[in-house]
Amino acid sequence: GNINIMHYLVALDNFDFEIRSSSHFGRINDVAFPSGYSDLFVTASVNDIRVWHARNQNELLRIEVPNLECLCVGLTRDGSAIISGWTDGRIRAFLPESGRLMFTINDAHNSVTAVVASSDGTRLVSGGVDGRVRVWAIKADSQTMIGSLAEHKGKITSIALNGDDTMFVTAGADGSCVLWDMRKLVRLNALFASNQFTRVLLHPDESQILTTGTDRKITYWDAVEVDKIRELQGSDTSAVNALALGPLGEWFVTGGGDKLVRLWHYDDGVQRKLGIGHSGSITKALISPDRRNIVSVGDEGAIMIWAFRTSTRQHRKRFETRPIGMMAIVTKSIIFYVLSKKK
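Residues numbered from 1 in each chain as written. Predicted model: local features only at pLDDT ≥ 70, side-chain atom pairs only at ≥ 80, totals over all residues. Heavy atoms only, no water.

Asks: Outline the pattern of salt bridges, supporting the account with residue identities and numerical values.
Replies: If you walk through the whole model with that rule in mind, you get 12 salt bridges. A salt bridge links Lys228 to Glu231; the shortest N-O distance between them is 3.2 Å. We classify Lys228 as partly exposed; its relative accessible area is 49%. Judged by relative accessible area, Glu231 falls into the partly exposed class, the value being 40%. (Salt bridge = Lys/Arg side-chain N within 4 Å of Asp/Glu carboxyl O. Buried < 20%, exposed > 50% of the residue type's maximum accessible area, 1.4 Å probe, protein only.)

Asks: Tell me about the sheet that holds strand S16 (residues 186–192), and please be specific about residues and values.
Replies: The pairing of strands in a sheet happens through backbone hydrogen bonds and is either parallel or antiparallel. Pairing is antiparallel across the open sheet formed by four strands, whose spatial order is S13-S14-S15-S16. Only two strands of the sheet have a single partner each, and these edge strands are strand S13 (156–161) and S16. Averaged over all pairs of adjacent strands, the angle between strand axes in this sheet comes to 20°, irrespective of strand direction. (Pairing = 2+ DSSP bridges. Helix = DSSP H or I, 4+ residues; strand = E, 2+ residues; numbered from the N terminus. Axes fitted to C-alpha atoms, helices over the stretch in contact; angles between N-to-C directions.)

Asks: Give a description of the sheet that holds strand S17 (residues 197–202) that names residues and reports values.
Replies: Pairing is antiparallel across the open sheet formed by four strands, whose spatial order is S17-S18-S19-S20. At either end of the open sheet lies a strand with only one pairing partner, and these are S17 and strand S20 (228–233). Neighbour-to-neighbour, the strand axes of this sheet turn through a mean angle of 20°, independent of strand direction. By the bridge criterion, five bridges tie S17 to strand S18 (residues 208–213) in an arrangement that is antiparallel. Within S18, the residue paired with Leu202 across the bridge is Ile209.

Asks: Hey, could you go over the environment of Asp165 for me, with residue numbers and the actual values?
Replies: Looking at the element boundaries, Asp165 is found in the loop between S13 and strand S14 (167–172). Of the residues examined, Asp165 reaches a relative accessible area of 13% and is grouped as buried. Separated by 46 residues in sequence, Asp165 and Ser119 place their C-alpha atoms 6.8 Å apart. Apart from the residues within four sequence positions on either side, Asp165 is in contact with Ser118, Ser119, Asp120 and Met182. (Contact = heavy atoms within 4.5 Å.)

Asks: Describe the packing of aromatic side chains, with residues and values.
Replies: Here the structure, examined in full by the defined rule, presents seven aromatic pairs. The interplanar angle of 20° and the centroid separation of 6.3 Å between the aromatic rings of Phe168 and Trp180 together place this pair among those described as stacked. Here Phe168, found in strand S14, pairs with Trp180, found in strand S15 (residues 176–181); they are 12 residues apart in sequence, far enough to count as distant. Taking relative accessible area as the criterion, Trp180 reaches 2% and is therefore assigned buried. Ring-pair connections join several aromatic residues into one group, and the members of that group are Tyr220, Phe252, Trp264 and Tyr266. A cation sits over an aromatic face here: Arg230 above Tyr220, 5.0 Å from the ring centre. (Phe/Tyr/Trp six-rings, centres within 6.5 Å; stacked < 30°, edge-to-face > 60°. Lys NZ or Arg CZ within 6 Å of the ring centre and 35° of its normal.)

In structure tokens, the structure reads:
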């Protein structure tokens, strides 16, 4: 192995070698699944984007951009492009099969901290450190800004689109979440709190908004009146950085500075399971589209895959409190490699 967490199998007779495993060597900022497909996921980190096979935990593709950090990543709904935001202020799109660059949007922001594609892939919504929200029209031969929205006074941390791309919500570190009309590009409503929001989500039925942030709370909001409905204590000690709903909206997962992955029942508002394994702050966590696994990533460079199954006998979800797979844990320049599969 080496300091970049590449592990090789070497033949002693002729010193031929092959890569057996790999992982990120720095902070992981984001993770994304393709829409409706759970066998692959994409991670964003320092210098690169990587595509992983969720079942055997192998790296399938690496897209490197030297001397830069990828802050956010996502995929178009049809899986035809990986959309990413970088510290140089550019949005880059890559082919998921080869990693070839499809297009670059220059000077999108000072640093691109959030980016989401519409369901048909014809528009992108992006946010940056500058607090600007921008909407882009995407064509095969051109990418044009069609709107620049300046309601936020701080970094854009999260963007969520509704199902038919008519509305989207942005969360900012200034303590506001703003609801926008996608067609008219005007503000519909806004909510405010004494908080630096880190994530905002729309429930699949679009009746409620879910937020979290540095106040350690998980808050349910009415999507029309933006009134607060319910507030949960997401952590006792640290900010909550990660918040993700399952495909049906029945469950959601959180994680943050306390290094714990928590599984919650949405309607009950009750934490059902606790996952212990990260050695650094959790930056993002997702429930897979098939609801079989949870993937969490952290600033220590770890990717952890957790079992999340339906028990037919107990008629409820069961969340393993230990990960079924890990791709490299990096702690204080000491490198450990663990790859295990529970029977």
